[in-house]
Amino acid sequence: SNEYISMWKDLGLNLESHDALLSVLGNAYTDIYLAQKDRPEGMGYFDFVMSEVHGLRIKELLDEKKQGRKIIGSYCVFVPEEIVLAANATLVGLCSGADFAMEEVEKYLPRNTCALIKSAFGFKLGQVCPYLEGADMVVGENTCDGKKKAYETLGSLIDNLYVMDLPQMKSVNGRELLRSEYDRFKTAVEKLTGVAITFDSLKTAIQTVNAKRSALHRLYTLRNNDPAPISGLDALLANQVSFYDNPVRFTQSLHKICDELETRIEEKKGVMQEKTPRILLSGCPMAVPNWKLPWIVETSGAVIVGEESCVGERGTRNLTDDSGDTIDALMDAVTDRYFQVDCAIFTPNSDRLENIMQMAQAYNADGVIHYGLQFCQPYLMESIPVEKMLEDKDIPCLRIETDYGMEDAGQLKTRVEAFIELL
Ligand code: BJ8
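The text that follows walks through the structure, step by step, so that each part is easy to find.

About the thresholds
- Residues numbered from 1 in each chain as written.
- Predicted model: local features only at pLDDT ≥ 70, side-chain atom pairs only at ≥ 80, totals over all residues.
- Heavy atoms only, no water.
- 1 Å grid on protein atoms, 1.4 Å probe; cavity = no way out; pocket = protein on both sides within 12 Å on 5 of 7 lines; lining within 4 Å.
- Points joined across faces, edges and corners; volume = space filled by probe spheres on them.
- Nonpolar A, V, L, I, M, F, W, Y, C, P; charged D, E, K, R; others polar.
- Pairing = 2+ DSSP bridges.
- Helix = DSSP H or I, 4+ residues; strand = E, 2+ residues; numbered from the N terminus.
- Axes fitted to C-alpha atoms, helices over the stretch in contact; angles between N-to-C directions.
- Buried < 20%, exposed > 50% of the residue type's maximum accessible area, 1.4 Å probe, protein only.
- Contact = heavy atoms within 4.5 Å.
- Core = buried A, V, L, I, M, F, W, Y, C linked by side-chain atoms within 4.5 Å.

### Concerning empty space enclosed by the protein
Then step 1. Within this structure, the stated rule accounts for five cavities of 30 Å³ or more.
Then step 2. The space that makes up the largest cavity amounts to roughly 130 Å³.
Then step 3. As for the largest cavity, its lining consists of Leu21, Leu25, Val53, His54, Cys95, Ala98, Phe123, Cys129, Tyr131, Tyr244, Val288 and Pro289.
Then step 4. When its residues are assigned to classes, the lining of the largest cavity shows eleven nonpolar, one polar and no charged.
Then step 5. In this structure, the second largest cavity spans a volume of roughly 80 Å³.

Below you can see the structure in the form of structure tokens.
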């Protein structure tokens, strides 16, 4: 609509490139999502959210901004939404799930940089992301070397980048560093919003975020049924939307879908037949609109029953203890919660192996597909011990290394089909 066009113009988007992005996105959504059979009716909500992802949601955020609320963008699940909400700001995930403006990007980043980082730059250089352009603060974090160094350059392209340091080890010192970085972040967010975080506002924010994560847990648990009541693609979409939707509305909508899934389970209805091979996906995060591998898997005779990923259970597994009775105790609880995230940038990272095993068993997975983005050292390196552990337990594992391009889709499909046939 005209209203959206002037909104995008005011945000400084490149309208021509933005149109191109929206049309690619819309076509992919139709071919991959709307082509699925027997989807839960409640997914209509997510279809609507996706169709309005650059429209209505942006308008809502800009309306909030007019009321004085700030928007904070993030590239990693280590940025605590609890602190952001407690200071009356909104956190949005900056997706980085598609190639854009690659020629421009390669003027700033070496070719052998992972697709996720390149995508973050592509959206900036192409001026096509209304979330990024609308954000009052963008948070980068010292995780992998690629992101850490890329933020130095990104800082020259955007003027409101805040960089958070993160530990590399789950040690006493590591825990202290995380707590002090969260204190520093709290101060920076308070300065941005002009709102001091109180005990009550932090406690309420913790409860809001816990409720969102609990709704996702409910979804995860329902997926351990056979036949699977929801596709992996649709469950991934729910996880992806959780990064930019209003958290309270998202939670309500997801519970509605879970109610519907419970009815399906009672009626033994599913999205695929009973005894369809069940796959656990594990590895790098899949940001919108990165649907390539799940699409290949689910059009090759298998169903995905879990995501061991930051856009999935790694990002949402743990809740934050809200029982503390001082603001300091709540900040400790926030720190403890995030300190459990088992990202491959940590060394050693044995928790992740245990969590993959636990998920494979909980969801009755017949096999695990490890998804590593090309040039992502942390996850590609860790995929080898992951595979070894799974083989020791007689769980088949397929290691995939890919990027956002479609050139390898045929070859990937052949490998995935051969793997599924063995299960
Ligand atoms: S907590 S997984 S969201 S850092 S794919 S950019 S690791 S080279 S994304 Fe992540 Fe936070 Fe960890 Fe999660 Fe680097 Fe690998 Fe690229 Fe990656």
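Still more to cover.
### Overview of the sheet that holds strand S2 (residues 89-93)
Then step 1. Across the sheet, which stays open at both edges, the four strands sit in the order S2-S1-S3-S4 with parallel pairing between neighbours. At either margin of the open sheet sits one strand with a lone partner, and together these are S2 and strand S4 (161-164). The average angle at which neighbouring strand axes cross in this sheet is 25 degrees, direction not considered.
Then step 2. Sheet topology note: the strand S3 (residues 137-141)/S4 ladder contains four bridges and is parallel.

### Focus: the layout of surface pockets
Then step 1. Empty space within the second largest pocket amounts to approximately 440 Å³.
Then step 2. The wall of the second largest pocket is formed by 19 residues, among which Val24, Ala28, Ala98, Pro289 and Tyr404 lie closest to the centre.
Then step 3. Listing elements by their share of the lining of the second largest pocket, those giving two or more residues are helix H2 (15-34) and helix H14 (292-298).
Then step 4. Top element by residues in the lining of the second largest pocket is H2. It accounts for seven residues.
Then step 5. Residue composition of the lining of the second largest pocket, by class: 13 nonpolar, three polar and three charged.

### With respect to the environment of Ile296
Then step 1. Positionally, Ile296 belongs in helix H14.
Then step 2. Judged by its relative accessible area of 2%, Ile296 falls in the buried class.
Then step 3. Separated by 114 residues in the primary sequence, Ile296 and Gly410 have C-alpha atoms spaced 9.0 Å apart.
Then step 4. Non-local contacts of Ile296, meaning those with residues more than four positions away in its chain, are made with Ala409, Leu412, Lys413 and Val416.

### Some remarks on the nonpolar core
Then step 1. Counting 143 residues, the largest nonpolar core has Phe46, Phe78, Phe185, Trp291 and Ile369 as the members making the most contacts within it.
Then step 2. When residues of this core are assigned to their parent elements, the largest contribution, nine residues, is made by helix H11 (residues 199-222).
Then step 3. Look past the residues within four positions of Trp291 in its chain and what remains in contact with it is Leu25, Ala28, Tyr29, Ile32, Tyr33, Met50, Leu233, Leu236, Leu237 and Gln240.

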